[in-house]
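Understanding the architecture of this molecule
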Amino acid sequence: MKLLISQTMNTKSIILSSISTLVFLVGATELLAQPNSNRPSVVSGSKPNIILMMADDLGWGDTGYNGHPFLNTPNLDKMSAEGVTFNRFYSAAAMCSPTRGSVYTGRNPYRFGITYAMKGRLEDTEIPVTSVVKEAGYTTGHFGKWHLGTLSRIKGDQSRWGSFEEDPVRYYCPPWERDVDVSFVTESKVPTWDPLLHPDPIKGDEVSDATFVGARGSSYGNDYFTGEGQTETENMDGDDSRVIMDRAIPFIQNAVKEETPFFTVIWFHTPHSPVVGGDEYRAMYKDHPEPAQHYYACVTAMDEQIGRLRSELSNLGVADNTMLWFCSDNGPARQGSPRHVGSPGHLSGYKLSIQEGGIRVPGLLVWPDQIKQPITISEPCVTSDYFPTILSSLGIDLPNDRPYDGINLWPLIQGQSKERTKPIGFLNKEATEAVWMGTRYKLLSTPEGDQLFDIVNDPAEKGDLSVDLPSITQTMKFELNQWKAGVLADLNSIP
Ligand SMILES: [Ca+2]
């Protein structure tokens, strides 16, 4: 089959053919298309709607269904009770932008230069999932955080730092130039309550958070864009998750009205800093310290909007034929603010660490047409898997001109496969630390040496087995080094 993907920004158009453009790279077998038997049966019928939701810095332990003692997340709990709960769902990185890049591309973010926040962009040479589904007849929308490039070319705009501030033209990459039909997006973080305005100063916040310096009620400095030079200012009060959902739902309603399958990305800012909770939600946690109330309040407010979305899908009669995914982009933040009280649950480490607490996050899927009863999957799965899994569900072969780090998850979900077919590689901010994640063992490689953990029986990474199990350690180290060399070669090839 042929898949024609036209890039709107540059003149480049990529024609992919499963025969003519097969390029043999390192690990070419991983480029082969998934057999048809690994697809859900829906591919022969109507096209399912697709919604990808993601929280920002929500920890593995920050949901009721994962055992939080008092945080109210009834709608996430309901998704867990009805669909697939991924016990070992990983963000591709321990921080924001890289994970987001993996969702759009199915590839490790180092392959295309998004190695940190405000660094890199969704390069023209990447194939965004939006381009693929648009080619398949979908209408596409992105609502909330973007973080995959600048949204304006103006220096000094949008509270930037790093590469985005140094060269906003080089990193200009808005969703409307990546086959997103309807955008309502911010370049980076905003307060989780009254998103356009500076909140009250947060006592104890580190002064290094420059975007916090501003009088209460003054402009926070980040805008919601709907197109080039177009920003929205109306209906921006209160809970930011509501503000986002107020745009996502009309997009879905319109798609249903026009009988067009929809692909919707909803990336909440919650519970990333500035963490601000509304009074009515804070009242639910009045027995807790004031800084913590804000965190729990904004998470519960986000959960409420997820419930609102599910009700709307039911009202529109499309809930059964919609796959609705949820995850977080990295583990909970613990630095910078007394309001950062997120929980990694029983795991060690936090955001920015490639210990489990920094990368293992809540992972959920409901799709009533295909998933009739609750399932728990304990194999490792990762945000890079969305791309191949979505393509498989539409009957589209993976492009075969580049390596993909993600795999098609349907065989695991449908019980045809009991084990993940290949390990997952992770790199930290400077690629000084790396992880090779297998089904049972996790190799953690740092400048101090290599550690091997039985991650099934020791999820808190307390007992290093590298001395006791030298053969497994050496094999995993060899595979990790091979993978890392390929990824860094891709990184170094970016102009
Ligand atoms: Ca994040």
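Cut-offs and rules
Residues numbered from 1 in each chain as written. Predicted model: local features only at pLDDT ≥ 70, side-chain atom pairs only at ≥ 80, totals over all residues. Helix = DSSP H or I, 4+ residues; strand = E, 2+ residues; numbered from the N terminus. Buried ≥ 20, exposed ≤ 12 C-beta atoms within 10 Å, placed from the backbone. Contact = placed C-beta atoms within 7 Å. Core = buried A, V, L, I, M, F, W, Y, C linked by C-beta atoms within 7 Å. Domains from an automatic or database assignment. Expected span 1.5 Å × (residues − 1). Axes fitted to C-alpha atoms, helices over the stretch in contact; angles between N-to-C directions. Parallel < 35°, antiparallel > 145°, perpendicular 65-115°, else oblique. Nonpolar A, V, L, I, M, F, W, Y, C, P; charged D, E, K, R; others polar. Pairing = 2+ DSSP bridges. Left-handed = near helix turned anticlockwise from the far one by under 90°. pLDDT = per-residue confidence, 0-100.

Further remarks concern the overall build of the protein. Along its length, the protein carries 11 helices and 19 strands. When the 495 residues of the protein are sorted by exposure, 53% land in the buried category. A sequence separation of at least 24 residues applies to 68% of the contacts in the protein between residues at least 6 apart.

Counting residues in each nonpolar core, the largest one holds 119 residues, and the members touching the most others are Leu 52, Ile 266, Cys 298, Trp 325 and Phe 426. The biggest single contributor to this core is helix α7 (residues 290-315), with 10 residues. Residues from two domains meet in this core; each of domain 1 (35-421) and domain 2 (431-492) gives at least three. Setting aside anything within four residues of it in sequence, one finds Trp 325 in contact with Ile 51, Leu 52, Met 53, Leu 364, Leu 365 and Tyr 386.

The next thing to look at is helix α9 (residues 386-393). Most of α9 sits out of view: eight of its eight residues are buried. Those residues of α9 lying buried are Tyr 386, Phe 387, Pro 388, Thr 389, Ile 390, Leu 391, Ser 392 and Ser 393. Against β3 (49-55), α2 (96-105), α3 (129-135), β11 (322-328) and α10 (410-413) lie the buried residues of α9. Directly beyond the C-terminal end of α9, a positive phi value near 75° is found at Gly 395.

For α7, built from 26 residues, the straight-helix expectation of 38 Å at 1.5 Å per residue is met to within 8% by its first-to-last C-alpha distance of 38 Å. Residue Gly 317 follows α7 closely and has a positive phi angle near 75°.

It is worth spelling out the packing of helix α1 (residues 74-82) against α7 at this point. At their nearest, the axes of α1 and α7 sit 7 Å apart, and the two run at 55° to each other. Taken as axis vectors, α1 and α7 run oblique relative to one another. Contact residues: α1 offers Pro 74, Asn 75 and Leu 76, while α7 offers Asp 303, Glu 304, Ile 306, Gly 307 and Arg 310. Taken together, the residues that form the contact of α1 with α7 break down as three nonpolar, two polar and three charged.

Before going further, it helps to examine the sheet that holds strand β12 (residues 360-361). Paired through their backbone hydrogen bonds, the strands of a sheet run either parallel or antiparallel. In space, the three strands of this open sheet follow the order β12-β5-β15, with mixed pairing throughout. Only two strands of the sheet have a single neighbouring strand rather than two, namely β12 and β15 (381-382).

Turning to the sheet that holds strand β18 (residues 441-446), a few remarks are in order. Overall, antiparallel pairing links the four strands, which are arranged β16-β17-β18-β19 in an open sheet. In the strand order of this sheet, the two ends are held by β16 (424-427) and β19 (449-454), each with one partner. Within the sheet, the average angular offset between the axes of one strand and its neighbour, ignoring direction, is 15°. Of the strand pairs in this sheet, strand β17 (residues 434-437) and β18 are connected by four bridges, and their pairing is antiparallel. Paired with Val 435 across the strands is Leu 444, a residue of β18. Docked against the sheet, helix α11 (residues 470-492) engages β16, β17, β18 and β19, running at close to 60° with respect to β18.

Between helix α5 (residues 240-257) and α7, whose axes approach to 10 Å, the crossing angle comes to 15°. Judged by the inter-axis angle, α5 sits roughly parallel to α7. The interaxial crossing formed by α5 with α7 has right-handed handedness. Contacts between α5 and α7 pair Ser 241, Arg 242, Met 245, Ile 249 and Ile 252 from the former with Ala 301, Met 302, Gln 305, Arg 308, Leu 309 and Glu 312 from the latter. Taken together, the residues of the contact of α5 with α7 break down into six nonpolar, two polar and three charged.

Leaving glycine out, the prevailing phi sign among residues is negative, and the prevailing peptide bond configuration is trans. Residues Thr 270 and Pro 271 are joined by a peptide bond in cis, for which omega reads -5°. With respect to the element layout, Pro 271 can be found in the loop between β10 (262-267) and α6 (279-282). The linkage connecting Ser 273 with the following residue, Pro 274, adopts the cis geometry, with an omega of -10°. Of note, Pro 274 is situated in the loop between β10 and α6. One non-glycine residue, Leu 352, lies in the positive phi region at around 80°. Its identity as a non-glycine residue notwithstanding, Glu 461 has a phi of 55°, on the positive side. Tracing the chain through its elements places Glu 461 in the loop between β19 and α11.

Our next topic: the environment of Pro 399. Relative to the assigned elements, Pro 399 resides in the loop between α9 and α10. For Pro 399, a count of 21 C-beta atoms within 10 Å puts it in the buried group.

For the rest of this paragraph, the subject is the confidence of the model for the protein. Of the residues in the protein, 89% have a pLDDT of 70 or more, and the chain-wide mean is 90. Confidence drops under a pLDDT of 50 for residues 1-36, and excluding neighbours within four residues, the segment shows 55 contacts in the predicted structure.

What follows is about the pairing of β17. Burial along β17 is two-sided: Ala 434 and Trp 436 facing one way and Val 435 and Met 437 facing the other are all buried. Bridge count for β16 against β17 is four bridges, and the pairing is antiparallel. The residue bridging Phe 426 from the neighbouring strand is Val 435, located in β17. Taken together, β16 and the strand that follows it, β17, pair antiparallel across an intervening segment of six residues, in which Ala 431 is found at a positive phi of about 60°.

Mapped onto the fold, Ala 301 is located in helix α7. Between the C-alpha atoms of Ala 301 and Ser 241, which are 60 residues apart in sequence, the distance is 7.1 Å. Apart from residues lying up to four places away in sequence, Ala 301 is in contact with Asp 239, Ser 241, Gly 278 and Tyr 281.

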